[in-house]
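# Results of the structural survey
Below are the chains, spelled out letter by letter.
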Amino acid sequence: MILAGLLIPCHSWGQSDGDNPMPDNPNDGKDVPHHKKKLPAPVYPKAVGYLSFIIPTATLQNNKVTYNFTNNTKIGFPVGVNIFYTATFGFSLEFTPTIKTVTLSGSSSMSDFLFDPGVMFRFKHGFTIIPRLAFETSGRYGVTPVFNEVYLRTKAVNYFVAMSLPVRWGEDDGVMETGSIGLNVQFGFIFN
């Protein structure tokens, strides 16, 4: 019991302020319980980093839908920086290396590197729309609208899920391709 008491931080006790765990007069307004204290207003601009992984689920090209996990599997690992200028607007820089595994041979390699900058339009309840530009090392380029939702907030990180619709044109490894549109699902966390 003593060990547990030493390991629990002082601020985790509901009414404790560290030095005076029980205020003399709870109605005097000076000793506000920790869980009722107002958080300070954020200062802008504010920069935060994030890590995630993205799974392309399907791609429509030449009137044909190709699904991930059939002939090959692609998984991307986006990392980025979000710069918030206000509570509702910001800018995001994202870098995504993608690993491709061929199902039949079992071989895997880094297939692409994507630079994906965009502006952020933030709404209530953690919902964000991010229209991104897209530049791939394979030769493709385009736009990627992203719909992002924070589903869990903690003191250290915010966990999010996102859906994106990548639209691409141009060459793919030297071969001219027709335009395509895909559907991706992304999971990750933002450092606070």
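Residues numbered from 1 in each chain as written. Predicted model: local features only at pLDDT ≥ 70, side-chain atom pairs only at ≥ 80, totals over all residues. Heavy atoms only, no water.

### Here we look at unusual backbone geometry
Following Y44, the chain continues into P45 via a peptide bond in cis, with omega recorded as 0°. With respect to the helices, strands and loops of the structure, P45 is situated in the loop between α1 (2-7) and β1 (46-61). Even without glycine at this site, N63 takes up a positive phi of about 60°. Mapping N63 onto the fold places it in the loop between β1 and β2 (64-67). Positive phi, normally seen in glycine, also occurs at F69, with a value near 75°. Mapped onto the fold, F69 is located in the loop between β2 and β3 (72-76). (Helix = DSSP H or I, 4+ residues; strand = E, 2+ residues; numbered from the N terminus.)

### Structural notes on the pattern of salt bridges
Two side chains bearing opposite charge may form a pair once their charged atoms approach each other closely. Applying the stated criterion across every chain yields a total of two salt bridges. A salt bridge links R132 to E94; the nearest nitrogen and oxygen atoms lie 3.6 Å apart. Linking R132 in strand β8 (residues 127-136) with E94 in strand β5 (residues 89-102), this pair joins segments that are 38 residues apart in sequence. (Salt bridge = Lys/Arg side-chain N within 4 Å of Asp/Glu carboxyl O.)

### As for the environment of M120
Mapped onto the secondary structure, M120 falls in strand β7 (residues 118-122). Linking M120 and G90, residues 30 residues apart in sequence, is a C-alpha distance of 4.8 Å. Ignoring any residue separated from it by four or fewer positions in sequence, one finds M120 in contact with N82, F84, T88, F89, G90, F91, S92, T128, I129 and I130. (Contact = heavy atoms within 4.5 Å.)

### With respect to the layout of surface pockets
Put simply, the largest pocket is a space of about 1,100 Å³. Around the largest pocket sit 42 residues that line it, and P56, T59, K74, E136 and D172 are the ones nearest its centre. No other element matches β1, which puts six residues into the lining of the largest pocket. In terms of residue class, the lining of the largest pocket is built from nine nonpolar, 20 polar and 13 charged. Only β1, β4 (79-84), β5, β7, β8, β9 (140-153), β10 (157-164) and β13 (180-191) provide two or more residues apiece to the lining of the second largest pocket. Of the residues that constitute the lining of the second largest pocket, the class distribution is 16 nonpolar, eleven polar and six charged. (1 Å grid on protein atoms, 1.4 Å probe; cavity = no way out; pocket = protein on both sides within 12 Å on 5 of 7 lines; lining within 4 Å. Points joined across faces, edges and corners; volume = space filled by probe spheres on them. Nonpolar A, V, L, I, M, F, W, Y, C, P; charged D, E, K, R; others polar.)

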